[in-house]
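Now for the letters of each chain:
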Amino acid sequence: MSILNLVGDLKYKNRRTEISIPLSEVREGSNEYANHLVYKKGDKINVYDRVCNHSGGKLFLESKNKNCAKCPEHGWNIFLQTGMYQNNLKKTSIAYSIRDSKIVFTQIDPIPYLDAREKEKKIKIEYINHAFLIFHCESFSFAIDPWAIGSCLSTGWWPERPRRSDWANILNECDFVYISHNHNDHLHQKTLSKVRQDMKFYVPKFKTDSVKRILSSFGFENIEYLEFEKVYSLSTDDDFKIISLKSGDHREDSGIYFRYGVFDFLATIDANFVNFERLPKKVTVFATDIVMGSGEFPLCFDAISSEEKAKIMKKNLDAGLNLKNKQITAIQPKHYFPYGGFAEAKATRDQYIKQKIMKHTPKSYEDICAKNGVHLCSILDKTIYEFVGTKIKRTAFPQTDFIEVTDEDIANEISCVKEKYSEIKDDLILDYFENSTFVDQLSLYVSWASDNFTTIYKTVCVDFSRSKPKVSFLTNFDWEKLKSEYDLGSSSNRYLHLKIRREILNQLIEQSLPWENVSSGYQMRFDRIPNVYNQKFWT
């Protein structure tokens, strides 16, 4: 039986602005305007917005190469003559007409909305851990992205804060659970093993069915889709409406937006460029992740110096702060709730990551909130926020026991993974890669490595440029020699070298885990030539 029923499409109000650029101002080659880029070659003209397709940063013309624009946030380059990013992702150009010797086009800013309800409902938001929230409403409750116990991302991340001892009881009282995407800091098997088997799950309808497939493998059967930009209503309370919003960076990730009476809640969780930044305005609560200076990049890249890594992380944090400022300024929420990101590399073998990583705290967003007249909800102060309508009536910490993650917990879990997945199985490796349907101009070099990545047990090369991948085990592998002989001017395959801890790589192959589970959990070390992000491989 469905708890949520489809009632229609998400509505938009379009704000239209006609933009005109005199042809006399457009020179041959690349041209930069406030919000657009124009490339002209003879009579052929391409117009693009300046929004980077990675995470919504702003594209700027390169000073050295005027035919190329670059996003300062993560270094993405786009060639304006072709509209292709350096990693072969294509940007859609804007349709235009020529009128009165001007390039004329309409800029449409769609603003989504749900019909407002007048009732001032009671709702309690409770933070449990990382992206795990529970919403207690008047006659129902639901949770998103439960992770409460054990590690995630292949033993790389552990809960930074102690967990409440009764979390499982509260979760099992929920009417349904929403899972935003398939990374296991959001779709966590050990946590979900404590959930009743008849729990109703709602998941995004991704192209590869990535969330539902994993939930089914955990033994859950009561799973339904929330299609993107469709409005669903609670069958027992028409005042509740919820929508799943797709990330805009071509990954299988999502955010959610719901309204309960006059209260509404928007969470981008940790997805990039949610709904292509077409976001509702003046919401009650806007919730996001807390910016980290490094996922796998730059800390896990061997060829980057310590000084450069620190500079990149500082730049990433500044870019993240700018993005939060842009979003909060545009959305103008009453309350801002930064929550996803309270996880850390606690294992002894990952102390380098723990010592070097830089990240924000809720306090990092105080000035942005103050400037915009927005109330900052810091889970460092309180983890429970009770609303009546759009107003906070009470904040609290739960009156219950809390449990810390111990060094013994960490050592035991890593030991279990090592014991179960220590054997390198050549037949399984061949079967895994040869049956892949992935095609790209990429040669992947994967090495099974020790905990500190200095000892290599085996290396395999996978050439993905053919209709069927060619897989070769290498006996005398010399990555530095391969790099030195690579011709950057050629059209040959790009090279990507991954050193992955032995048991973690075996587990990835045997369980068909997402590669980003392993990379984001700091369980591999990277190098690549040319030095570009291999978008297709990681999505």
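Heads up: the structure comes first, above all this text.
Residues numbered from 1 in each chain as written. Predicted model: local features only at pLDDT ≥ 70, side-chain atom pairs only at ≥ 80, totals over all residues. Heavy atoms only, no water.

**Some words on the pattern of salt bridges**
If you walk through the whole model with that rule in mind, you get 40 salt bridges. A salt bridge links Lys324 to Asp289; its shortest N-O distance comes to 2.9 Å. Of the two residues, Lys324 is situated in helix H4 (residues 306–331) and Asp289 in strand E24 (residues 285–289); the sequence distance between them amounts to 35 residues. Across the pair Arg349 and Glu503 runs a salt bridge, and its minimum N-O distance is 2.9 Å. Of the two residues, Arg349 sits in the loop between strand E26 (343–344) and helix H5 (351–356) while Glu503 sits in helix H10 (residues 502–511), which places them 154 residues apart along the sequence. (Salt bridge = Lys/Arg side-chain N within 4 Å of Asp/Glu carboxyl O. Helix = DSSP H or I, 4+ residues; strand = E, 2+ residues; numbered from the N terminus.)

**Digging into the sheet that holds strand E4 (residues 36–41)**
Spatially, the 3 strands line up as an open sheet ordered E3-E4-E5, and their pairing is antiparallel. In this open sheet, the two strands that pair with only one neighbour each are strand E3 (29–32) and strand E5 (44–49). Ignoring strand direction, the axes of neighbouring strands in this sheet form an average angle of 20 degrees. Across 4 bridges, E3 lies against E4 in antiparallel orientation. (Pairing = 2+ DSSP bridges. Axes fitted to C-alpha atoms, helices over the stretch in contact; angles between N-to-C directions.)

**As for the side chain of Ser519**
Mapped onto the secondary structure, Ser519 falls in helix H11 (residues 515–520). Reaching out from Ser519, the side chain makes a polar contact with the backbone oxygen of Glu516 at a distance of 3.4 Å. Setting aside anything within four residues of it in sequence, one finds Ser519 in contact with Glu296, Met524, Phe526 and Trp538. (Polar contact = N/O pair within 3.5 Å; in protein donor to acceptor, adjacent residues only side chain to side chain. Contact = heavy atoms within 4.5 Å.)

None of this, on its own, says anything about what the molecule does.
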